[in-house]
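What follows is each chain in one-letter form.
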Amino acid sequence: MSSRLRYPRIPASQITPESVWQSRRQWMQQMAGIAAGTGLTGLGAVLPQTAAAALPAMDGIQPNPQYSAAKIDRKLTTEKDITSYNNFYEFGTGKSDPLDYAGKMRIEPWQVQVSGEVEKPRTFDLDELVKLAPQEERVYRLRCVEAWSMVIPWVGYPLSALLKQVQPTSKAKYVQFVTDTQPEAMPGLNDRIIPWPYREALRMDEAMHPLTLLTFGLYGKRLPNQNGAPLRIIVPWKYGFKSGKSLVRIVLSESRPETSWVAIAPSEYGFYANVNPDVPHPRWSQSHERVIGGGFFDPKVPTLKFNGYAEQVASLYSGMDLRANY
Ligand code: MTE
């Protein structure tokens with residue numbers, strides 16, 4: 001590769017205000033079918049030509065009406081807030097550390113190894129993954145265990161499309177997601193707060209659920225580094241820590257794999273991590289949440305069970321005690 005794809009820190013001037021994005025989106029909806037190649041601002045605007053050519057720009061991605069912003073009774077979080085208030089401990093524990101330091105993460109070339117209990121283990125280049133299934137925009141809530149939340153237009157496709165490619169064996173019960181480690185670019189790795197690499201996992205049925213999104217972008221653009229470029233998982237009914245970023249390995253297994261937060265503080269962070277207003281974190285309540293982007297004095301809003309996705313996912317846990325399995 002002659003040039004390295006590196007997401008520069010996005011200057012404020014290049015962050016599309018929500019109002020502009022909304023009208024662009026309406027326009028794109030009207031232009032459905034002929035939207036490709038419109039030359040609207042996107043990846044190409046912030047990356048060198050060669051790097052931009054390596055991955056298709058995202059303009060023209062169609063919103064999935066089933067998961068549109070209109071279905072959520074809360075405003076979309078602005079792109080500025082989504083990309084400047086982050087958790088990505090590899091870059092530090094401060095909310096602005098990922099924006100300040102993640103620009104150094106190398107995201108090209110990028111490969112993801114899928115292995116373990118599968119008939120066809122395989123290493124995918126990022127380009128192959130991007131093209132594996134049609135991408136769509138889905139507006140999902142993100143609820144962090146720290147009791148704040150956002151509403152984000154993610155771009156991706158159901159993880160099940162990837163898992164089907166490798167043909168899970170009948171023994172596959174869990175799917176583990178492993179984040180990259182780049183000591184030269186990730187100052188947080190020196191801090192032993194987490195046993196690195198960052199690892200998370202889902203039960204197989206959770207991973208195959210159509211809401212679980214293999215995610216490549218947000219607001220119609222490739223993921224910025226601080227949000228987990230070039231690809232991450234989004235599991236909208238669980239606390240945000242389940243949604244691992246910048247993935248390099250996906251491992252299917254028969255027994256439950258170790259996950260980072262459960263490994264260090266099992267009494268505070270459960271394996272299931274389903275958003276549940278009735279089960280407090282040992283050190284604070286989970287009944288309400290602070291909406292990021294609201295005014296300082298805005299009241300917190302009630303948290304919804306399964307983060308508002310109960311209708312779709314509650315049946316996955318029928319018969320389980322969700323207080324014991326927090
Ligand atoms: N993935 C990695 N590799 N490292 C992290 O520190 N933080 C998690 C999750 N994925 C984290 C991670 C937490 S606690 C949250 S709330 C979400 O990412 C935040 O995603 P965002 O910064 O895109 O909003």
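These numbers were taken from a predicted model, which means no experiment stands behind them.

How each quantity is defined
Residues numbered from 1 in each chain as written. Predicted model: local features only at pLDDT ≥ 70, side-chain atom pairs only at ≥ 80, totals over all residues. Heavy atoms only, no water. Near = heavy atom within 4 Å. Polar contact = N/O pair within 3.5 Å; in protein donor to acceptor, adjacent residues only side chain to side chain. Areas by Shrake-Rupley, 256 points an atom, 1.4 Å probe, with all protein chains shown as cover. Nonpolar A, V, L, I, M, F, W, Y, C, P; charged D, E, K, R; others polar. pLDDT = per-residue confidence, 0-100. Contact = heavy atoms within 4.5 Å. Phe/Tyr/Trp six-rings, centres within 6.5 Å; stacked < 30°, edge-to-face > 60°. Helix = DSSP H or I, 4+ residues; strand = E, 2+ residues; numbered from the N terminus. Buried < 20%, exposed > 50% of the residue type's maximum accessible area, 1.4 Å probe, protein only. 1 Å grid on protein atoms, 1.4 Å probe; cavity = no way out; pocket = protein on both sides within 12 Å on 5 of 7 lines; lining within 4 Å. Points joined across faces, edges and corners; volume = space filled by probe spheres on them.

A separate point is the site of the ligand. Neighbouring the ligand are 16 residues, the closest being N86, Y89, E90, R232 and K245. Within the backbone of N87, an N or O atom sits 3.3 Å from an oxygen atom of the ligand. In isolation the ligand offers 530 Å² of accessible surface; the protein chains occlude 98% of this area. Here the shell around the ligand is composed, by residue class, of six nonpolar, seven polar and three charged.

Turning our attention to the confidence of the model for the protein. Per-residue pLDDT for the protein has a mean of 87; in total, 83% of the residues score no lower than 70. In the predicted structure, residues 1-17 sits below a pLDDT of 50 and forms 37 contacts with residues beyond four places in sequence or in another chain.

The tally for this structure, following the rule as stated, stands at twelve aromatic pairs. Ring geometry for Y89 versus W261: centroids 5.7 Å apart, planes at 75 degrees, classification edge-to-face. In this pair, Y89 is assigned in the loop between α4 (79-84) and α5 (97-101) and W261 in helix α9 (residues 260-264), connecting sequence segments 172 residues apart. The same class applies to Y89 and to W261, which are both buried. Between Y140 and Y309, the ring centres sit 5.9 Å apart and the planes meet at 80 degrees, which makes this aromatic pair edge-to-face.

The next subject is the layout of surface pockets. By volume, the largest pocket is sized at about 460 Å³. Surrounding the largest pocket, 29 residues form its lining, N87, C144, Y198, G240 and F241 being those nearest its centre. The class makeup of the residues in the lining of the largest pocket is 17 nonpolar, seven polar and five charged. Roughly 370 Å³ of internal volume is contained in the second largest pocket. For the lining of the second largest pocket, the per-class residue count stands at six nonpolar, five polar and seven charged.

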